[in-house]
Each structure stands twice: as C-alpha cells, then as structure tokens.
Amino acid sequence: MHFTGKDVDQYVQQQEYVDTAVVPLVQLDLSAGGLKPSASASDYLQSLTNLLEKQFKGRVLLFPPLSYSKMADRARIAGEISGELSKTAFKHVFYVTTDPEWRAIEEAPNVIWLPAIPTENMDQSFKLSVMEDQLRQVLPVFLKEWSKPS
Amino acid sequence: MSNNRVSRRQFLGYTLTGVGGFMAAGMLMPMVRFAVDPILQQHDAGDFILTDTAVADLSEEPVRVDFAYEQVDAWYTSEVTSSAWVYKEGDKLVALSPVCKHLGCTVNWAADPEHPTQFFCPCHAGRYEKNGQNVAGTPPLGPLDEFEVEERDGFVALGAVKANTIV
C-alpha cells in the first residue's frame with residue numbers, strides 16, 4: 001500500500017495483515033558533480049520500491065522517500081523515524097537505500113542497500129526487466145524476515 | 001383565376017405553420033440526436049491491448065504475459081505495466097488477473113514448492129487453483145479475476161477485467 005489517504009484507510013482496517021513498513025532513504029547531493037547521480041539514484045530507488053509495493057501490496061506500507069542532505073546525521077534520522085514507527089503496529093520495518101553510509105548505522109536494522117543503476121537511458125521494456133532482476137534480489141530478504149517466528 | 005387566390009388569412013396560416021415547423025425541428029433534432037447517440041457510438045477494438053506473446057507459444061501451463069498501457073490520473077499521465085497469467089484450455093485462451101483477491105498482492109504460478117499446480121500469494125500464503133478458484137482455508141475470499149482475451153494475428157490481446165466466469 002502507498003502512503004495515501006485511500007490506502008491508509010484500508011491499512012487501518014487491515015492492520016493485522018499489513019505488518020511491514022518500507023522506508024526508502026534518499027540522499028540529496030546537490031553539488032555540481034553529485035546532482036545527476038543523486039537524481040538517478042532517487043529515480044532508481046523509487047521505481048524499485050514501487051515495484052516492491054506492487055508485489056507485496058497487501059502486506060507492505062510504502063512510505064514516501066525520506067530525503068536528507070549529504071552531511072545529515074544518519075543515526076539521528078534513524079532514531080527519529082524508528083521512534084515515530086514505534087507508535088504503530090508494524091512488526092517489521094525495512095529501510096531501502098542506495099547510500100552506503102547506512103550500512104554502518106546501528107539505529108536502523110534491516111537496511112537493504114543496493115547500488116544504484118542509472119536507468120534513464122534504457123527503453124521501457126529493458127528498464128522493466130532490469131528492475132525485476134533487482135526486485136528478485138530484494139524479495140527473499142522480505143520472505144526470510146516474514147518466515148522468522150516472531 | 002379568382003378561385004385560386006390565396007386569402008390573407010390562408011397566407012398567414014401557411015407562413016406560421018412553415019416557420020413554426022422549422023423552429024420545432026430546430027429544437028427537436030438535437031434532442032433526437034442526443035437520444036440515439038449511445039446507439040451510434042462506435043465500439044472499436046481499441047479496448048484490447050495487443051501483447052507480444054504468440055498464441056502458438058502457449059501451453060496448458062500458465063505463463064506471465066506483460067503488457068503496458070497509458071493511464072491518465074488527473075494531470076499525470078503514466079505508462080502502467082501490468083501482467084496476466086495466460087494458458088490454453090483446449091483451444092480456448094484463459095487469462096487470469098495476478099491481483100490477489102485478499103489485499104491486492106501479486107500472485108505467482110507455482111511459487112510455493114509444496115503446491116506446484118496452484119497460484120500462490122507470498123504475502124499471506126493465499127492459494128488458488130489453476131482456474132482461479134481460491135483454496136478454502138487460505139485468506140482469499142473469492143476467485144481470481146479474469147481478463148477478456150482473444151487471439152489477434154496470432155498474438156494474445158487482452159481486454160477488460162471481469163469477474164471469473166470459469167470457476
């Protein structure tokens with residue numbers, strides 16, 4: 001489900017089934033050299049998380065991408081967002097990002113880090129097949145987490 | 001000669017009838033045209049989306065057929081990619097929607113090793129028979145939806161989604 005009024009209405013009714021939150025983390029690097037890769041990575045991450053939402057619509061609530069500046073204190077961001085998420089009934093929280101610095105942050109467990117693939121020059125069907133390959137790497141992480149006895 | 005003369009009264013009568021008739025026709029014609037418009041509406045085949053899967057390649061085993069169409073949502077036009085599970089039942093084509101009837105996840109054919117001849121939803125372990133019938137005891141409450149499907153020049157063409165008719 002997406003973080004929209006309509007889907008959240010449904011989420012509120014079906015909380016026992018929708019037990020997983022997905023938070024995309026997007027780094028904004030607006031320096032002259034970083035602008036393009038940053039935009040491309042953001043596009044990649046949003047395509048991927050949308051595809052993920054389509055596959056797991058009934059169990060996952062996809063949050064809007066959380067954007068932060070390059071020098072942001074990632075530990076603080078992670079602490080704040082998990083504090084906010086603790087008010088909800090989610091049993092599993094995943095952070096999806098292309099920013100390698102998150103791998104060292106202990107406040108955010110379950111970080112799925114993927115290297116960004118620039119997709120802007122691909123044609124539609126090739127892009128889709130690339131994104132589905134990427135998705136296939138992510139799906140087992142979710143299935144493994146869900147099959148864990150809680 | 002004088003017998004054929006049109007009297008003033010007659011002349012006025014003809015004129016008024018003529019003009020009144022034009023005015024009435026002017027009002028009635030658009031109304032009639034509006035009323036019959038739905039019948040004259042052309043239903044062209046554009047409702048079907050041609051996919052690039054050849055009918056000859058299909059078997060009784062469901063395969064995933066992807067297709068794309070444009071969707072306009074207010075001011076935002078996007079290309080939506082979607083898919084269907086298509087197989088042959090005798091000579092007939094069957095196309096099932098991959099959207100789980102429970103909460104809308106995407107179901108996959110034979111994704112669960114324990115049930116290789118069923119559709120499986122990874123979210124809450126919902127299962128469906130090959131014809132889309134939901135397996136009792138799993139979360140889904142209804143059978144998978146069906147696509148209108150037809151063969152066009154040897155390729156699969158998919159139409160609107162409708163409630164399952166083969167269960």
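Residues numbered from 1 in each chain as written. Chains lettered and ligands numbered in written order. Predicted model: local features only at pLDDT ≥ 70, side-chain atom pairs only at ≥ 80, totals over all residues.

A. A look at the overall build of chain A. From N to C terminus, chain A includes four helices and five strands. What you see in chain A, going N to C, is helices and strands ordered as α-β-α-β-β-α-β-β-α. Counting only C-alpha atoms and orienting by the principal axes, one finds that chain A spans roughly 45 × 40 × 30 Å. In chain A, which comprises 150 residues, the share counted as buried stands at 25%. (Helix = DSSP H or I, 4+ residues; strand = E, 2+ residues; numbered from the N terminus. Buried ≥ 20, exposed ≤ 12 C-beta atoms within 10 Å, placed from the backbone.)

B. Expanded view of the confidence of the model for chain B. Residues and elements named next belong to chain B. Here chain B averages 87 in pLDDT, while 95% of its residues score no lower than 70. Averaged over each element, pLDDT in chain B is lowest for strand E2 (residues 63-73) (85) and highest for helix H1 (residues 8-40) (92). Under the prediction, the complex receives an ipTM of 0.78, its pTM being 0.77. (pLDDT = per-residue confidence, 0-100.)

C. Expanded view of the interface of chain A and chain B. Residue-level contacts link eleven residues of chain A with twelve residues of chain B. Sorting the residues of the side of chain A that touches chain B by element identifies helix H2 (35-55) and helix H4 (124-147) of chain A as the ones contributing at least two each. The class makeup of the residues in the side of chain A that touches chain B is four nonpolar, four polar and three charged. (Contact = placed C-beta atoms within 7 Å. Nonpolar A, V, L, I, M, F, W, Y, C, P; charged D, E, K, R; others polar.)

D. Summary view of H4 of chain A. In this model, H4 of chain A (24 residues) spans 34 Å end to end at C-alpha, consistent with the 34 Å of a helix rising 1.5 Å per residue. Within H4 of chain A, the axis deviates most sharply at Gln 137 of chain A, by approximately 25 degrees, and proline Pro 140 of chain A lies no more than four positions further along. (Expected span 1.5 Å × (residues − 1). Bend = angle between axes of the 7 residues up to and from the residue.)

E. A look at the UniProt feature "transmembrane region" (unreviewed entry) in chain B. As annotated in UniProt, the feature "transmembrane region" (unreviewed entry) corresponds to residues 12-32 of chain B in the numbering used here. The span residues 12-32 of chain B is 100% helical and 0% strand by assignment, and the distance between its end C-alpha atoms comes to 29 Å. (UniProt positions renumbered as here; feature names shortened; annotations may be inferred.)

F. Inspection of the nonpolar core at higher detail. Residues Val 22 of chain A together with Ala 84, Val 86 and Ala 95 of chain B are the most contacted members of the largest nonpolar core, which totals 49 residues. Apart from the residues lying within four places of it in its own chain, the contact partners of Ala 84 of chain B are Val 65, Ala 95, Leu 96, Ser 97, Pro 98, Phe 147 and Leu 158 of chain B. (Core = buried A, V, L, I, M, F, W, Y, C linked by C-beta atoms within 7 Å.)

G. Spatial organisation of the UniProt feature "domain: Rieske" (unreviewed entry) in chain B. Per the UniProt entry, the sites bearing "domain: Rieske" (unreviewed entry) are residues 84-158 of chain B in this numbering. Taken end to end, residues 84-158 of chain B is 0% helix and 40% strand, and its two terminal C-alpha atoms sit 9 Å from one another.

H. Spotlight on H2 of chain A. Relative to the 30 Å expected for 21 residues at 1.5 Å per residue, H2 of chain A spans 31 Å between its end C-alpha atoms, a close match to the ideal helical length. Elements in contact with the buried residues of H2 of chain A: strand E1 (20-28), strand E2 (60-62), strand E4 (92-97) and H4 of chain A.

I. View of unusual backbone geometry. At Asn 110 of chain A, a position not held by glycine, the phi torsion is positive, near 55 degrees. Mapped onto the secondary structure, Asn 110 of chain A falls in the loop between E4 and strand E5 (111-113). Phi at Ala 125 of chain B takes a positive value of approximately 60 degrees, unusual for a residue other than glycine. Inspection of the secondary structure assignment puts Ala 125 of chain B in the loop between strand E6 (119-121) and strand E7 (126-128).

J. Representation of the domain arrangement of chain B in the model. Taken domain by domain, chain B consists of domain 1 (2-40) and domain 2 (45-162). For domain 1 of chain B and domain 2 of chain B, the distance between their C-alpha centroids amounts to 58 Å. (Domains from an automatic or database assignment.)

K. Broad picture of the packing of H2 of chain A against H4 of chain A. All names here are of chain A. In the contact formed by H2 and H4, the axes pass within 10 Å of each other and the chain directions differ by 65 degrees. Seen from above, H2 lies across H4 with right-handed handedness. Counting all contacts with H2, which are made through Ser 47, Leu 48, Leu 51, Leu 52 and Gln 55, the residues of H4 involved are Met 131, Gln 134, Leu 135, Val 138 and Leu 139. (Axes fitted to C-alpha atoms, helices over the stretch in contact; angles between N-to-C directions. Left-handed = near helix turned anticlockwise from the far one by under 90°.)

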